[in-house]
2 protein chains.
Amino acid sequence: MTERSVLDWLADQPGVVGLGDDCYIVPGPMEDQVFTTDMFIEGVHFKTGQAPEWIGHNALARGLSDIAAMGADPRFCLVSAAFPSDDEAWTRRFFQGLLKLARESGCVLTGGDLSHTDRFVADIMVCGVVPRGLALRRDGAKPGHGVYVSDALGTRARDRFCSLVKPRLDLAQSIRGRASACMDLSDGLSIDLHRLCLASGVSATLSAVPVAPGATEEQALHGGEDYELLIVSPVQIPDTIRIGSIVAGTPGVISYRGTVLEPKGYDHFAT
Amino acid sequence: MTERSVLDWLADQPGVVGLGDDCYIVPGPMEDQVFTTDMFIEGVHFKTGQAPEWIGHNALARGLSDIAAMGADPRFCLVSAAFPSDDEAWTRRFFQGLLKLARESGCVLTGGDLSHTDRFVADIMVCGVVPRGLALRRDGAKPGHGVYVSDALGTRARDRFCSLVKPRLDLAQSIRGRASACMDLSDGLSIDLHRLCLASGVSATLSAVPVAPGATEEQALHGGEDYELLIVSPVQIPDTIRIGSIVAGTPGVISYRGTVLEPKGYDHFAT
């Protein structure tokens with residue numbers, strides 16, 4: 001099975017609505033709410049032995065990145081976490097790392113669930129808000145729009161177990177009302193842009209991809225774990241880098257310097 | 001460490017608000033929203049080999065029980081789940097069990113996160129709504145109020161790995177606006193009533209506890225996994241069973257037939 005096959009099947013089931021974006025949108029009278037959940041599992045998303053503050057920070061950062069991708073501002077989070085030991089100092093350090101980022105992001109911790117297990121797992125739900133009707137989805141890209149990324153790519157593909165994820169909440173305000181589609185780059189540019197183009201029913205041509213210092217072009221194209229934003233917009237977005245254009249064509253097909261770019265990023269089940 | 005020690009420490013940290021009830025309450029102009037998350041972990045909350053439909057049903061049912069305990073009606077859920085195999089038929093059966101209960105409960109599935117791991121884990125976030133100001137908390141019990149349970153207790157302590165959890169959403173409408181405090185019985189009557197009395201700053205005296213057919217009094221008092229509602233109310237609540245009264249006294253102390261009832265239910269870390 002692949003994530004895609006499960007999600008495609010799920011989307012057709014009665015009682016399932018709103019799949020396909022980084023967050024689920026709940027319309028409101030003044031502002032819309034957006035909701036996301038992200039799991040962070042020892043041995044899957046990070047190696048055993050990472051510092052607990054790092055784990056707490058990155059567990060929350062991945063959810064905040066989804067909030068930023070919707071053009072939203074975070075409000076509150078719920079944290080479910082299961083711990084393999086009863087080391088209360090470790091548990092406190094996990095929450096200290098998480099709460100430091102939460103406070104810096106204007107997000108309060110409001111509840112959750114605690115349990116035990118044999119390998120650490122956390123699941124973070126984050127709720128954000130965005131002015132009514134301005135939440136960014138994946139299905140709004142149109143031929144002629146530019147494709148942008150929020151920074152050079154590949155750093156965390158090279159070094160995913162050391163650096164702290166920095167969710168691009170600083171860009172949320174400047175992209176909403178301007179961009180036509182957005183998502184965060186979690187699984188790799190090639191597969192994430194492929195998904196965005198499928199959702200919008202368009203193709204894309206890429207001219208150049210900014211490679212982070214020390215990373216390879218392969219890591220920038222396919223490496224994943226960047227947590228930068230992939231933005232499609234009819235107008236230039238400040239502090240972003242243009243990498244190509246949306247074009248009419250077979251949905252999901254990406255060309256890069258004249259050849260087809262295979263979507264090779266991360267699929268949780270196809271490993 | 002104990003759940004209580006972690007939660008007490010967390011409640012004192014800057015950036016943490018609203019802990020202590022079954023759900024977090026977000027006030028709104030017309031109605032309030034309530035949010036809960038609940039983990040369901042193979043080998044912790046259920047045995048390996050359970051039918052996937054049972055796992056999906058019970059994973060969601062535990063969250064719906066928290067919604068009912070607030071006097072709320074469920075609206076939508078997000079499902080994070082990590083699977084130990086790539087058996088797509090098993091995955092679909094898990095979601096079929098979950099979605100059947102969701103549809104019966106008026107709750108739509110709107111997103112989540114999929115991953116893999118070595119033992120199944122799900123975390124379910126449920127959002128419910130309740131008319132403005134009517135969400136039930138744990139801290140409203142006052143001396144003189146009656147203590148009620150929604151049914152006889154102990155069934156699932158005897159047989160927790162077979163029966164389907166039936167969240168008492170049928171009672172939500174009749175308790176809101178009437179009850180002064182409520183929570184669901186997940187860890188055992190003795191520890192759950194102890195927690196409610198601590199939150200309200202009161203004691204309680206129990207005269208009789210209804211024991212489910214085939215269960216022992218010990219299972220009814222301490223067994224946990226009932227997912228019935230524990231209700232405190234100044235007026236009789238239809239279709240519930242009165243088991244005692246709230247009294248003034250040392251917060252959290254429960255007397256049962258003249259002796260102090262030790263809170264002996266389940267703590268996730270004190271095992």
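Described below are features of the structure shown in this document. Being a predicted model, the structure only gives us computed values, none of them experimental.

How each quantity is defined
- Residues numbered from 1 in each chain as written.
- Chains lettered and ligands numbered in written order.
- Predicted model: local features only at pLDDT ≥ 70, side-chain atom pairs only at ≥ 80, totals over all residues.
- Heavy atoms only, no water.
- Axes fitted to C-alpha atoms, helices over the stretch in contact; angles between N-to-C directions.
- Helix = DSSP H or I, 4+ residues; strand = E, 2+ residues; numbered from the N terminus.
- Parallel < 35°, antiparallel > 145°, perpendicular 65-115°, else oblique.
- Left-handed = near helix turned anticlockwise from the far one by under 90°.
- Contact = heavy atoms within 4.5 Å.
- Nonpolar A, V, L, I, M, F, W, Y, C, P; charged D, E, K, R; others polar.
- Least-squares fit on C-alpha atoms with pLDDT ≥ 70 in both.
- Phe/Tyr/Trp six-rings, centres within 6.5 Å; stacked < 30°, edge-to-face > 60°.
- Pairing = 2+ DSSP bridges.
- 1 Å grid on protein atoms, 1.4 Å probe; cavity = no way out; pocket = protein on both sides within 12 Å on 5 of 7 lines; lining within 4 Å.
- Points joined across faces, edges and corners; volume = space filled by probe spheres on them.
- Buried < 20%, exposed > 50% of the residue type's maximum accessible area, 1.4 Å probe, protein only.
- Arc of directions from axis to C-beta.
- Disulfide = S-S within 2.5 Å.
- Buried area = accessible area lost by both parts, 1.4 Å probe.
- Salt bridge = Lys/Arg side-chain N within 4 Å of Asp/Glu carboxyl O.
- Polar contact = N/O pair within 3.5 Å; in protein donor to acceptor, adjacent residues only side chain to side chain.

1. A few points about the packing of helix 2 (residues 52–69) of chain B against helix 3 (residues 88–104) of chain B
Residues and elements named next belong to chain B.
And then number 1: Helix 3 packs onto helix 2 with a crossing angle of 40 degrees between their chain directions and a minimal axis gap of 7 Å. As far as their axial angle goes, helix 3 and helix 2 are oblique. Viewed along their axes, helix 2 and helix 3 form a crossing whose handedness is right-handed. On helix 3, the residues that touch Pro-52, Glu-53, Ile-55, Gly-56, His-57, Leu-60, Ala-61 and Leu-64 of helix 2 are Trp-90, Arg-93, Phe-94, Gly-97, Leu-98, Leu-101 and Ala-102.
And then number 2: By residue class, the composition of the contact of helix 2 with helix 3 is 10 nonpolar, 3 polar and 2 charged.

2. As for the relation of the copies chain B and chain A
And then number 1: After a rotation of 180 degrees and a shift along the axis of 0.0 Å, chain B superposes on chain A with an RMSD of 0.0 Å. Here the symmetry operator amounts to a two-fold rotation axis. Residue Asp-123 of chain B of chain B places its C-alpha closer to the rotation axis than any other residue of that unit, at 3.4 Å.

3. Focus on the packing of aromatic side chains
And then number 1: With the rule as written, the count across this model stands at 29 aromatic pairs over all chains.
And then number 2: Here the aromatic cluster, defined as three or more aromatic residues joined through ring pairs, consists of Phe-40, Phe-46, Trp-54, Phe-83, Trp-90, Phe-94, Phe-95 and Phe-120 of chain A.

4. A look at the sheet that holds strand 11 (residues 254–256) of chain A
All names here are of chain A.
And then number 1: One open sheet holds the 7 strands; their spatial order is 7-9-6-10-8-11-12, and the pairing between them is mixed. At either end of the open sheet lies a strand with only one pairing partner, and these are strand 7 (181–184) and strand 12 (259–260).
And then number 2: Here 2 bridges tie strand 11 to strand 12, and the two strands are oriented antiparallel to one another. Counted as the bridge partner of Tyr-256 is Thr-259 from strand 12.
And then number 3: Contacting strand 7 and strand 9 (229–233), helix 2 (residues 52–69) crosses the sheet at an angle of about 175 degrees to strand 7.

5. As for the pairing of strand 10 (residues 241–247) of chain B
Residue and element names in this part refer to chain B.
And then number 1: Bridge analysis of strand 6 (residues 146–149) against strand 10 gives 4 bridges, and the strand direction is antiparallel. Note on strand 10: the bridge partner recorded for Val-147 is Gly-244.
And then number 2: Pairing geometry for strand 8 (residues 203–206) and strand 10, over 4 bridges, is antiparallel. Each residue of the ladder has a partner; that of Ser-203, found in strand 10, is Val-247.

6. Points about empty space enclosed by the protein
And then number 1: Summed over the entire model, instances satisfying the criterion amount to 3 cavities of 30 Å³ or more.
And then number 2: Size it by volume and the largest cavity reaches roughly 50 Å³.
And then number 3: Along the walls of the largest cavity sit Ile-41, Thr-117, Arg-119 and Val-121 of chain A together with Ile-41, Thr-117, Asp-118, Arg-119 and Val-121 of chain B, which together make up its complete lining.
And then number 4: A class-by-class count of the residues in the lining of the largest cavity yields 4 nonpolar, 2 polar and 3 charged.
And then number 5: Along the wall of the second largest cavity there are 10 residues; nearest its centre are Phe-40, His-45, Asn-58, Arg-156 and Glu-225 of chain B.
And then number 6: With 3 residues, helix 2 of chain B is the single largest residue contributor to the lining of the second largest cavity.

7. A look at helix 1 (residues 3–11) of chain B
And then number 1: Looking at helix 1 of chain B, one finds that the buried residues are Glu-3, Val-6, Trp-9 and Leu-10 of chain B. Mapping the buried residues of helix 1 of chain B onto a view down its axis gives an arc of 140 degrees, with all of them on the same face.
And then number 2: For helix 1 of chain B, the secondary structure elements touched by its buried residues are helix 3 (88–104) and strand 4 (108–116) of chain A together with helix 6 (189–200) of chain B.

8. Description of the state of the cysteines
And then number 1: Per the counting criterion, the structure on display carries 0 disulfides over all chains.
And then number 2: Of all cysteine sulfurs, the one in Cys-127 of chain B lies closest to Cys-127 of chain A, which takes part in no disulfide; the gap is 8.6 Å.
And then number 3: By relative accessible area, which is 1% here, Cys-127 of chain A ends up buried.
And then number 4: Of all cysteine sulfurs in the structure, the one in Cys-23 of chain A sits closest to Cys-182 of chain A, which takes part in no disulfide; the separation is 11 Å.
And then number 5: Cys-182 of chain A gets classed as buried once you look at its relative accessible area, which sits at 1%.

9. Looking at the interface of chain B and chain A
And then number 1: Listed by partner, the interface residues are 60 residues for chain B and 60 residues for chain A.
And then number 2: Around 5200 Å² of area is buried between chain B and chain A when both sides are counted, 66% of it from carbon and sulfur atoms.
And then number 3: The interface formed by chain B and chain A holds 2 salt bridges in total.
And then number 4: Between Asp-118 of chain B and Arg-119 of chain A there is a salt bridge, with the nearest N and O atoms lying 3.1 Å from each other.
And then number 5: The interface formed by chain B and chain A includes 17 residue pairs in polar contact (both at pLDDT 80 or more).
And then number 6: Those elements giving two or more residues to the side of chain B that touches chain A turn out to be helix 1, strand 1 (24–26), strand 2 (31–41), strand 3 (73–83), helix 3, strand 4 (108–116) and strand 5 (121–131) of chain B.
And then number 7: It is strand 4 of chain B that provides the largest number of residues to the side of chain B that touches chain A, a total of 9 residues.
And then number 8: A class-by-class count of the residues in the side of chain B that touches chain A yields 29 nonpolar, 20 polar and 11 charged.

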